[in-house]
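Observations on chain architecture
Listed below, chain by chain, are the residues.
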Amino acid sequence: MLYIFGIIIAYLLGSVPFGIFVTRIAGRGDLRKVGSGNIGAANAMRAGGFRLFALVFLLDMVKTMIAVFVGYAIGGISFAAWCGFFSVLGHCYPIWLGFHGGKGVSCVFGMLMAINPLMFVFAGIEWLVVALSLGYSSLASMTMLCVAPILAFTASPTVGFAFLCTSLICIWRHRENIGRLVGGTESKLNWRWKK
């Protein structure tokens, strides 16, 4: 029963749409009607610049970190990783928004930080290198999503499998980005401090 409680808490935490809250408080309207319509940090940057990106990214990270810590308290590192999975699932398919959510990248970074900060640092460097050199947030994110399970398998097979399932969901959420990257129409990041 305690494990079910942990999964529900993790999912509900992940479902909190911080991107929508932050952009509305900042006076930037409904994030779902801006840019890609996504509720995540990259679209928040399109709505209000780097400061909104950073705030949304941090809040989405933290909600998943809390979910992972709840999992730790209930059942150790393996269950913690699966609580991270359900938090990402909640972010991608939030009950509050008719199951239309974000793509889960910032939440995966939260998983990495909570499981092992060194994995977070490695994945973060990789994301920055790709994003800054090529300019595509989506490509940097998908590269990170391929790297994360490999890093996680060094912790344990169970943790690695949880990250693998998480990455597959997030990559599926990027399927339109993949099409635009292949077609050469994907938009690049604009690193504005403010809009």
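Everything here concerns the structure above.
This section reports on the structure supplied with the text.

What counts, and at which threshold
Residues numbered from 1 in each chain as written. Predicted model: local features only at pLDDT ≥ 70, side-chain atom pairs only at ≥ 80, totals over all residues. Heavy atoms only, no water. Axes fitted to C-alpha atoms, helices over the stretch in contact; angles between N-to-C directions. Helix = DSSP H or I, 4+ residues; strand = E, 2+ residues; numbered from the N terminus. Left-handed = near helix turned anticlockwise from the far one by under 90°. Contact = heavy atoms within 4.5 Å. Nonpolar A, V, L, I, M, F, W, Y, C, P; charged D, E, K, R; others polar. Expected span 1.5 Å × (residues − 1). Buried < 20%, exposed > 50% of the residue type's maximum accessible area, 1.4 Å probe, protein only. Phe/Tyr/Trp six-rings, centres within 6.5 Å; stacked < 30°, edge-to-face > 60°. Lys NZ or Arg CZ within 6 Å of the ring centre and 35° of its normal.

Glancing now at the packing of helix 5 (residues 105–115) against helix 7 (residues 137–153). Two numbers describe how helix 5 lies on helix 7: the axes approach to 11 Å, and their chain directions differ by 35°. Here helix 5 and helix 7 pass one another in a crossing that is left-handed. Two secondary-structure elements touch here, helix 5 through Val105, Val108, Phe109 and Leu112 and helix 7 through Ser141, Met144, Leu145 and Ala148. Taken together, the residues that form the contact of helix 5 with helix 7 break down as 7 nonpolar, 1 polar and no charged.

So, on to helix 1 (residues 2–14). The terminal C-alpha atoms of helix 1 lie 18 Å apart, and with 13 residues this matches the ideal 18 Å at 1.5 Å per residue to within 8%. The elements touched by buried residues of helix 1 are helix 4 (50–92).

Structurally, Gly101 is set in the loop between helix 4 and helix 5. Counting along the chain gives 72 residues from Gly101 to Arg173, while the straight-line C-alpha distance between them is 9.4 Å. In this structure, Gly101 is in contact with Asn38, Ile39, His91, Cys92, Pro94 and Arg173, ignoring residues within four places of it in sequence.

With that settled, the discussion passes to unusual backbone geometry. Look at Phe99: it is not a glycine, yet its phi comes out positive at around 65°. The class for Phe99 is partly exposed, based on a relative accessible area of 45%.

We now examine the packing of aromatic side chains. Tallied over the entire structure, the rule returns 8 aromatic pairs. Measuring from centroid to centroid gives 5.0 Å for Phe85 and Phe86, while their planes differ by 80°, and the two rings are edge-to-face. Its relative accessible area of 23% is what places Phe86 among the partly exposed residues. Put simply, the rings of Phe53, Phe57, Phe109, Phe120 and Trp127 pair up and form one aromatic cluster. Over the face of the ring belonging to Tyr93 we find Arg173, whose NZ or CZ atom lies 5.0 Å from the ring centre. We note Arg175 situated over the ring of Trp172; from NZ or CZ to the ring centre the distance is 4.2 Å.

Turning next to helix 5. Of all 11 residues in helix 5, 10 are buried, a share of seventy percent or more. Within the sequence span of helix 5, burial applies to Val105, Ser106, Cys107, Val108, Phe109, Gly110, Met111, Leu112, Ala114 and Ile115. Where helix 5 is buried, its residues contact helix 4, helix 6 (117–134), helix 7 and helix 8 (157–173).

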